[in-house]
Amino acid sequence: AAPPTTTTTADAAPPGELTDAQLAAASEAQATNEVIVVTGSTIERRAFTTPAPVTVVDRAALAAAGTTTVGGTLQALPAQSNGGNAQFNNGGDGSTRINLRGLGASRTLTLINGRRVVPGGIGADSSVDINSIPLAMIERVEVLKDGASAVYGSDAIGGVVNIISRTDLDGSEATAYTGTSQRGDGLTYDLSFATGMKSAKGHLMVSGGYQDQRPVFAADRAFSREPLAYDYKQRAELFGGSTTTPQGRINARAIDADHDGHPDPGYVLCGTQADGTPIQYCTPDGKGGFRPFDSEADLYNFRPETYLYTPSTRYNLYALGDYQLHPRARAFFEASYQNRKSDQQLASETFVDDATISADSIYNPLDADILGYRRRLFEFGRRRTRQNIDTFRGVVGFDGTAPEPLTDWKWELSFNYGRTEASQQLSGGINRARLAAALGPSFLDAAHDNAPTCGTPSAPIAGCVPVNLLAGAAAHAVTRDMIDYVTFTGTGNGYNEQQTALATAHGPLLETPWGGDVSMAIGVDHRREAGGSTPDPLTAAGEAIGDAAQATGGRYHVTEGFVELSAVPVVGKGWAQWVELDAAARAFDYSNFGGGATWKLGGLFRTRGGVSVRGTFSTAFRAPSISELYAGRHDDSPLATDPCDTTPAGSTAPITLDPAVATRCAKQGVPAGASYGNSQLRAVLGGNPKLTAETAQVGTVGVVIEPPQVPGLSLTADYFHVDIDDAIQAAGASVILSNCYRRGLDSFCDQVVRNPLLDGKIDHVDDLFQNIGRVSTSGIDGAVGFTRATPYGRLHAQLDATYLLSYKLDNSRDVLDGRGVYDFGVYAPVKAVMNAAWSRDGVGAGLNLRFISGFDECENNDCNSFAPGADRDAHTHHVAANAVADIYASYAFHAVTGTTTITAGINNVTDSTPPTIYNGFANSDPATYDYMGRFFYTRITQQF
């Protein structure tokens, strides 16, 4: 996505000291209600500079970015990182999320006109799909880079994205956009219209649009054409193909020749090694036999089957209006609807020891049961996941001014309802039970023209078709009947629902003797949240290849009250040109975990020479989401060893347990000398209804400089620090076992479930969401802006940057560092966006630049397991810095029909390639870098 043109809050503040004329203008503006509400407060203001840092992306900036969605623009902001988007093919659902400070999308609150937006996705989601908000209706986006739970409630830990809708349109406009990459793929087009009508009594605006995005395949970009790996010892790049190939790979050590249910490690299938031991892995030789599997030449390139940029289509309608019912009362409404259809595509399904190939199968030439076999089911077709999601949001309410003597007070009563309905279809799935039957005993039924039949002559399986997997895809031995018998198309459903009733009032309390005033806002709201998702029946029953997943569903409600005070006691008095003190507090009561309170303090001091100092400190919180509370149980198979096992996988001799560990094991009924030999354990994941809210402390301190000697110049620098306690996360099986047996924490031992009938072997580890973690981050945001009207045209330039000082995650066992490494995603030390624009007499041009500094990735994507210095360097690959540039030009002219504006641009004009990340998807990171490449676009807007 192209970097947006942005303006910081400093740009809109009056430069230099406040003169008498400026003070008079400010007073007049207040008297005529020409004041503004800036995100982070519910009180109207006479200045745009606030104690908290706010970045504003206006409508012109959105257009200059050259994208068709607001998400593509906001994800380029330096304060945002690791948010999902359309480049997420493996694990994505077509949604785009905003993730401020990289703290998680669920810790960023999204609003429209200061009111909440229903979460979006495939059901029981915890954050908003930002692209469900159509671009045609947006006036500007205000991004608060500070905690704001005291003002807005839950989720506002990383910050707030407040989308302000257009209200000033009096006429009509239509826009047509189309673009494509230089390689002829990724075609997108967008058609939208908006019309508005104004009268003395009110205003009405209606917009609609259609957007279509075509896919890009991984095989069509050089950087993603094949999977890559990295040899850290040789410091060399390797082909990282899959060992699960269309030809198949047999583990000769997992062949049961004597049919006793146990493998015979001495079985010779494709020859022996120099020491006489059987070769372990074999593959069909194309002549009816088997040859050794070549760990380099036989690897499979699955990339040509996968999307790099996923396709989607969107239809949207939006309307808002208001009507003056009384000189002191107005009715208003907002309504929006969007339908999104999106699609992800992966390589064909894999068979990895999912069933035994019976010695009695007519397609098994070995006269032995095959217990270890893996094969890419190439003939079965690619796996495709399709979403169809409807999102509706409606707001109705009344607002106005209070009667005497509170005529300067304003009030609002509103009701906000949002709902998403989603269906998700998976094609290419494999029915586990049918596959087992199709690979079991089979025979040729003489009574039916020697038709291949599952089972035995005495016990045939009706309707079952034996499947021939051993011959490999090259033999074309898998028929359509075989595929139809074992595959299925499953459909799941989900929803999100949000209802909010809100009552607020705000206004001045008193004027001060020094030209200022004190204002207050109060309010109460009641919100209900609900959500659920139901997987397809086979997945829910554990009958599909892959892990079983149960349904998710739940609801809760909360009642909250808040108060906010804003005191501007001094305006325009010598060194104290503007003094402001803000305070806010919110009390809440949740139906599922109880009540609490949060608060915030802030201050701003503006002195001579255009210098302002500002700061905030607040507590914040995030209530657990529906999925974190009520997600259905589902299995996982993490890599982990049992601390009580005296012969863990890879050991050559029994080990002696640490005495403290041995005591813990005995307490749980594990016999001395227990031997299991496992390298993987079963974990059960899911929601936890006993969760409580995360809590956070958020602080900022900064300076704003607007020198009067250089009108139009502004500089800002803000330090931020966020600490989150009781963070909601799944600990992981290894952490749970370590905390129990090595640290002696009984609460974690309760999560380890053992089977007394199997010598105390672990049956499973309960790895549900818990309030156990801590996350902290800090850094510096900086911005330089310059705007000047000259005889040669209007110039605007802006640089926004974030320097990350720290990002740490405490998982209750270790404190892990994410800054400058890829362990948790891209937390690059430096991110910056620069843009410049020029316009004169309808002609305009601009340049956007985006920069992300380099960082490290390590072996197994775990830099934290290596000590800094030579040890880490030996296991590290450096990811290069990346820069992307966009250019555009526009021309506007007037005709009888109105004003026509034509814009043409090139995003990623240098065709910059994403840096290679071997642990990332498609050899890079889809949340951070541009996968499309050089992209040409044209936009035509007609105003009537």
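Keep in mind it's a predicted model, so treat the numbers as computed, not measured.

> How would you sum up the overall build of the protein chain? Please name residues and give values.
The helix and strand inventory of the protein chain stands at 13 helices and 48 strands. Expected size for 944 residues packed as a compact globule is a radius of gyration near 30 Å; at 31 Å, the protein chain falls within 12% of this value. Along the longest, intermediate and shortest principal axes, the C-alpha atoms of the protein chain span 100 × 70 × 55 Å. Considering the protein chain as a whole, with its 944 residues, one finds that 54% of them fall into the buried category. Counted over contacts in the protein chain with a minimum sequence separation of 6, partners at least 24 positions apart contribute 72%. When the accessible surface of the protein chain is summed, it comes to about 38200 Å², and 57% of that surface belongs to carbon and sulfur atoms. Positive and negative charge centroids in the protein chain, built from 73 and 102 side chains respectively, lie 5 Å apart.

> Just give me the short version of the packing of aromatic side chains, but keep the residues and values in it.
Scanning the entire structure with this criterion turns up 19 aromatic pairs. Their ring planes at 55 degrees and their centres at 6.4 Å tell us that Y807 and F824 sit as a pair that is tilted. Of the two residues, Y807 sits in strand β40 (residues 793-810) while F824 sits in the loop between β41 (815-817) and β42 (830-840), which places them 17 residues apart along the sequence. On the basis of relative accessible area, F824 is assigned to the partly exposed category, the value being 28%. Note on Y822 and F855: the rings are 6.2 Å apart at their centroids and 20 degrees apart in plane angle, and the pair reads as stacked. Taken together, the positions of Y822 in the loop between β41 and β42 and F855 in strand β44 (residues 855-858) put the pair 33 residues apart, joining distant regions of the chain.

> Lay out the pairing of strand β11 (residues 228-231) with the relevant residues and their values.
By the alternation rule, side chains of β11 split into L228 and Y230, which are all buried, and A229 and D231, of which none is buried. Bridge count between β11 and strand β12 (residues 236-239): 4 bridges; the pairing is antiparallel. Bridge pairing links D231 to A236 in β12. Remark: 4 residues form the turn of the hairpin made by β11 and β12, two consecutive strands paired antiparallel; R235 in that turn has positive phi of roughly 55 degrees.

> Give me the lowdown on the sheet that holds strand β13 (residues 249-251), citing residues and values where you can.
Ordered in space as β16-β15-β13-β22-β20, the 5 strands form an open sheet in which the pairing is antiparallel. In the strand order of this sheet, the two ends are held by β16 (290-292) and β20 (350-352), each with one partner. When strand polarity is set aside, the average angle formed by the axes of neighbouring strands in this sheet is 25 degrees. Here 2 bridges tie β13 to strand β22 (residues 373-376), and the two strands are oriented antiparallel to one another. Bridge assignment links R249 to a residue of β22, and that residue is R374.

> Go over the pattern of salt bridges with me, naming the residues and quoting the values.
Taken as a whole, this structure holds 45 salt bridges when the rule is applied. Note that D781 and R101 form a salt bridge whose closest N and O atoms lie 2.7 Å from each other. On the criterion of sequence distance, the pair formed by D781 in strand β39 (residues 761-790) and R101 in the loop between α4 (70-74) and β3 (108-112) is long-range, its members being 680 residues apart. No difference in accessibility class separates D781 from R101, as the two residues are buried. Because the salt bridges share partners, they merge into one network encompassing D525, R527, E529, E560 and R586.

> Please provide a residue-by-residue account of helix α6 (residues 432-439), values included.
For an α-helix the count is 3.6 residues per turn, leaving residues at separations of three or four pointing the same way. Along α6, the positions that sit buried rather than exposed are L435, A437, A438 and L439. The inward-facing, buried residues of α6 contact β20, β24 (410-430), β26 (451-456) and α7 (480-486). The N-capping residue of α6, defined by a side-chain oxygen 3.1 Å from the backbone nitrogen of A433, is N431.

> With reference to specific residues and values, describe a nonpolar patch on the surface.
There is a patch of nonpolar side chains on the surface, built from M197, L204, F333, V396 and F415 and spanning about 420 Å² of accessible area. The topology assignment puts L204 in strand β9 (residues 202-213). According to the relative accessible area criterion, L204 is partly exposed, its value standing at 31%.

> Would you mind going over helix α10 (residues 659-667) in detail, with residue names and values included?
Taken residue by residue, α10 has V661, R664 and C665 as its buried positions. Mapping the buried residues of α10 onto a view down its axis gives an arc of 100 degrees, with all of them on the same face. Turned more than 90 degrees away from the buried face of α10, the exposed residues are P659, T663 and K667. Those residues of α10 that are buried are in contact with α11 (733-741) and α12 (746-749). For α10, the side-chain oxygen to backbone nitrogen distance between the N-cap and A660 is 2.9 Å, and the N-cap itself is D658.

> Explain unusual backbone geometry residue by residue, including any values.
The amide bond that connects E404 to the next residue, P405, takes the cis arrangement and shows omega of 5 degrees. Within the secondary structure layout, P405 lies in the loop between β23 (383-401) and β24. A positive phi is found at D353, a non-glycine position, where the angle reads about 55 degrees. Examined against the element boundaries, D353 turns out to sit in the loop between β20 and β21 (369-370). On the accessibility criterion, D353 (44% relative accessible area) is partly exposed. Of note, the phi angle at S812 is positive, near 85 degrees, even though the residue is not glycine. In this structure, S812 sits in the loop between β40 and β41. For S812, a relative accessible area of 17% corresponds to the buried category.

> Mind laying out the nonpolar core, listing which residues take part and the relevant values?
Ranked by size, the top nonpolar core spans 34 residues in total, and within it L269 and L469 carry the most contacts. Counting residues per element, the ones that place at least two in this core are α6 and α7. Not counting residues up to four positions away in its chain, the partners in contact with L469 are F351, Y373, R375, L377, F380, L439 and V478. Core analysis: the next-biggest nonpolar cluster, separate from the first, contains 25 residues, A61, A79, V161 and L169 among them.

> Tell me about the state of the cysteines, and name the residues and values.
The final tally for this structure, using the stated rule, is 5 disulfides. One disulfide bridge connects C270 with C282, the sulfur atoms lying 2.0 Å from each other. Between C270 and C282, the S-S torsion sits near -70 degrees, and that sign places the bridge as left-handed. Of the two residues, C270 is situated in the loop between β14 (255-256) and β15 (281-284) and C282 in strand β15; the sequence distance between them amounts to 12 residues. The pair formed by C270 and C282 is uniform in burial state, with each residue classed as buried.

> Give a description of the pairing of β42 that names residues and reports values.
Here β40 runs beside β42; their pairing, made up of 10 bridges, is antiparallel. Bridging from a neighbouring strand, A797 pairs with A836 of β42. In this sheet, strand β43 (residues 843-852) lies alongside β42 in antiparallel orientation, the contact comprising 10 bridges. Counted as the bridge partner of A832 is F851 from β43. Connecting β42 to the antiparallel partner β43 that follows it, the hairpin turn spans 2 residues, and D841 within it adopts a positive phi of roughly 50 degrees.

> Please provide a residue-by-residue account of the sheet that holds strand β27 (residues 459-460), values included.
Read across the sheet, 3 strands follow the order β25-β26-β27 without closing on themselves; strand pairing throughout is antiparallel. Edge positions in the open sheet fall to β25 (442-445) and β27, since each of these has one partner strand only. Two elements, β26 and β27, share 2 bridges in a ladder whose sense is antiparallel. Each residue of the ladder has a partner; that of G455, found in β27, is P460.

> For the environment of V752, give the residues involved together with the corresponding values.
With respect to the helices and strands, the residue V752 is situated in strand β38 (residues 752-755). Judged by its relative accessible area of 8%, V752 is buried. When the C-alpha positions of V752 and A683 are compared, they lie 9.4 Å apart, and in sequence the two are 69 residues distant. Beyond its immediate sequence surroundings of up to four residues, V752 is in contact with Q668, I736, L737, Y741, I762 and H764.

> Please set out the environment of V701 residue by residue, giving values where relevant.
Position of V701 relative to the elements: it lies in strand β36 (residues 694-705). Classification of V701 by relative accessible area gives partly exposed; the value is 46%. Taking the C-alpha atoms as reference points, V701 and P53, separated by 648 residues in sequence, lie 9.1 Å from one another. Each residue touching V701, except ones within four places of it in the same chain, is listed here: R614, G615, A717, D718 and Y719.

The rules we used
- Residues numbered from 1 in each chain as written.
- Predicted model: local features only at pLDDT ≥ 70, side-chain atom pairs only at ≥ 80, totals over all residues.
- Heavy atoms only, no water.
- Helix = DSSP H or I, 4+ residues; strand = E, 2+ residues; numbered from the N terminus.
- Rg over C-alpha atoms; globule rule 2.2 N^0.38 Å.
- Buried < 20%, exposed > 50% of the residue type's maximum accessible area, 1.4 Å probe, protein only.
- Contact = heavy atoms within 4.5 Å.
- Areas by Shrake-Rupley, 256 points an atom, 1.4 Å probe, with all protein chains shown as cover.
- Lys, Arg positive; Asp, Glu negative; His and termini not counted.
- Charge placed at Lys NZ, Arg CZ, Asp CG, Glu CD.
- Phe/Tyr/Trp six-rings, centres within 6.5 Å; stacked < 30°, edge-to-face > 60°.
- Pairing = 2+ DSSP bridges.
- Axes fitted to C-alpha atoms, helices over the stretch in contact; angles between N-to-C directions.
- Salt bridge = Lys/Arg side-chain N within 4 Å of Asp/Glu carboxyl O.
- Polar contact = N/O pair within 3.5 Å; in protein donor to acceptor, adjacent residues only side chain to side chain.
- Patch = residues over 30% accessible without salt bridge, like charges linked within 9 Å, V, L, I, M, F, W, Y side chains within 5 Å.
- Arc of directions from axis to C-beta.
- Core = buried A, V, L, I, M, F, W, Y, C linked by side-chain atoms within 4.5 Å.
- Disulfide = S-S within 2.5 Å.

These figures come from the coordinates and say nothing about function on their own.
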